[in-house]
Amino acid sequence: MSKSSKPPKDPEGRMALADHLRELRNRVVKSALAIVLFTIIAAIYHKQLESFLMEPLPRCNTAEEAAHYHGKCAQVSTIGLTTPIALIIKVALTAGVVATVPVWLYQLWAFVAPGLHRHERRYAIGFIAGGAPLFLAGVTVAYLLLPTTVQVLISFSPSGTTPILPPENYFDIATRMVLVFGLAFEFPLLLVMLNFGGVVSGKRLLGWWRGMVMAITVFAAFATPSAEPVSMLALAAPIWALYFIAVGIALLNDRRRARRNPDAGLDDDEASAVDLSVDEVAAAEAVEASAAPAAPTPVPAARHGQMDDIT
């Protein structure tokens, strides 16, 4: 089919279900291709990436390091012939997902954008611009917490033993923390998006603060691999702060929206305020007729009979 024979796009973004599925497929394929491309690039530099990720591991190469870690050091050992290849794929794939954050966030926005109004599309661009830094901030926090997490987990080893740490086990923990922390930092941005879309108000978000704080704490407890509170609080505290920042932005947006439209904050089943005050009516003015009305013409007797027949 030529381009000239294609049906014109709906100005309001309406599409059939098949068109939605086709659009979703195209966006997923583009995101996957970007991830694969960066994964291949990361696989070329896998040694540098592996050394960077294994830097937080406690090593007892010197007496000072052994004293610092109280003898609880990790001895990295690979088991199996295919383990190195699996490690390369895992590390490269994780690096590809992290490096392509702007790409798949943009593809997500491009899939949703046709159903948005013009001003909502402008907000969506700002959300995508803030989503990538938030994800990378979560990744950074996860990497900074890796040394503490590893030391706490190794501290549970029995005395007089040397923990033998398979790299795949460590990279599983590192990958899980990086992805979970990155996605968790996107949660406040989701709340702002819901508020700008008119789904939830800032006042309602503020009323949920007790449940939100508890839910974030429970999520952080399950998301962090170690049982110690340092890693849990290191994940929960930034999300708490970002949640209250998101609530503040939502309240400011509601106030701005209320100035433009007083009825913007009403629910669908809530009536707007109606002005029932009565204005004072001025006194009636006398109007003089320009001429006396003409007398009606009498109806002939013959017409009376005809009218009776018709009725």
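From a predicted model like this one, the values you see are computed outputs, not experimental measurements.

## Points about the packing of helix H8 (residues 187-196) against helix H11 (residues 229-260)
Contact geometry of H8 with H11 gives a least axis separation of 8 Å together with a crossing angle of 15 degrees. What the angle tells us is that H8 and H11 run roughly parallel. When you trace H8 past H11, the crossing you get is right-handed. Residues Phe187, Pro188, Leu191, Val192, Asn195 and Phe196 of H8 pack against Ile239, Leu242, Tyr243, Ala246, Ile249, Ala250, Asn253, Asp254 and Arg257 of H11.

## Some remarks on helix H7 (residues 167-184)
With 18 residues, H7 extends 25 Å between its outermost C-alpha atoms, agreeing within 8% with the 26 Å of an ideal straight helix rising 1.5 Å per residue. Every buried residue belonging to H7 is among Pro167, Tyr170, Phe171, Ile173, Ala174, Thr175, Met177, Val178, Phe181, Gly182 and Ala184, and all of these are buried.

## Re the packing of aromatic side chains
Across all of its chains, the model carries four aromatic pairs by this definition. Relative to tyrosine 143, the ring of phenylalanine 52 has its centre 4.5 Å away and its plane inclined at 5 degrees; by these criteria the two rings are stacked. Residue phenylalanine 52 is found in helix H2 (residues 46-53), and its partner tyrosine 143 is found in helix H6 (residues 118-155); the two are separated by 91 residues along the sequence. A relative accessible area of 48% places phenylalanine 52 in the partly exposed class. With a centroid separation of 5.1 Å and 65 degrees between ring planes, the pair formed by tyrosine 243 and phenylalanine 244 is classed as edge-to-face.

## Quick look at the environment of phenylalanine 185
Among the structural elements, phenylalanine 185 can be located in the loop between H7 and H8. Judged by its relative accessible area of 5%, phenylalanine 185 falls in the buried class. Separated by 54 residues in the primary sequence, phenylalanine 185 and isoleucine 239 have C-alpha atoms spaced 6.3 Å apart. If sequence neighbours within four positions are ignored, phenylalanine 185 has contacts with Leu134, Ala137, Gly138, Val141, Leu235, Pro238, Ile239 and Leu242.

## Observations concerning the nonpolar core
Counting 44 residues, the largest nonpolar core has Tyr170, Phe171, Met177 and Leu235 as its most contacted members. When residues of this core are traced back to their parent elements, those giving at least two are helix H4 (83-99), helix H5 (101-112), H6, H7, helix H10 (209-223) and H11. No other element matches the nine residues that H6 contributes to this core. If near-sequence neighbours (up to four positions away) are discounted, tyrosine 170 is found in contact with Leu53, Met54, Pro56, Leu57, Leu146, Val150 and Leu165. Of all hydrophobic cores here, the second largest spans five residues; its members include Phe127, Leu189, Val192 and Ala246.

Reading guide: rules and limits
Residues numbered from 1 in each chain as written. Predicted model: local features only at pLDDT ≥ 70, side-chain atom pairs only at ≥ 80, totals over all residues. Heavy atoms only, no water. Axes fitted to C-alpha atoms, helices over the stretch in contact; angles between N-to-C directions. Helix = DSSP H or I, 4+ residues; strand = E, 2+ residues; numbered from the N terminus. Parallel < 35°, antiparallel > 145°, perpendicular 65-115°, else oblique. Left-handed = near helix turned anticlockwise from the far one by under 90°. Contact = heavy atoms within 4.5 Å. Expected span 1.5 Å × (residues − 1). Buried < 20%, exposed > 50% of the residue type's maximum accessible area, 1.4 Å probe, protein only. Phe/Tyr/Trp six-rings, centres within 6.5 Å; stacked < 30°, edge-to-face > 60°. Core = buried A, V, L, I, M, F, W, Y, C linked by side-chain atoms within 4.5 Å.

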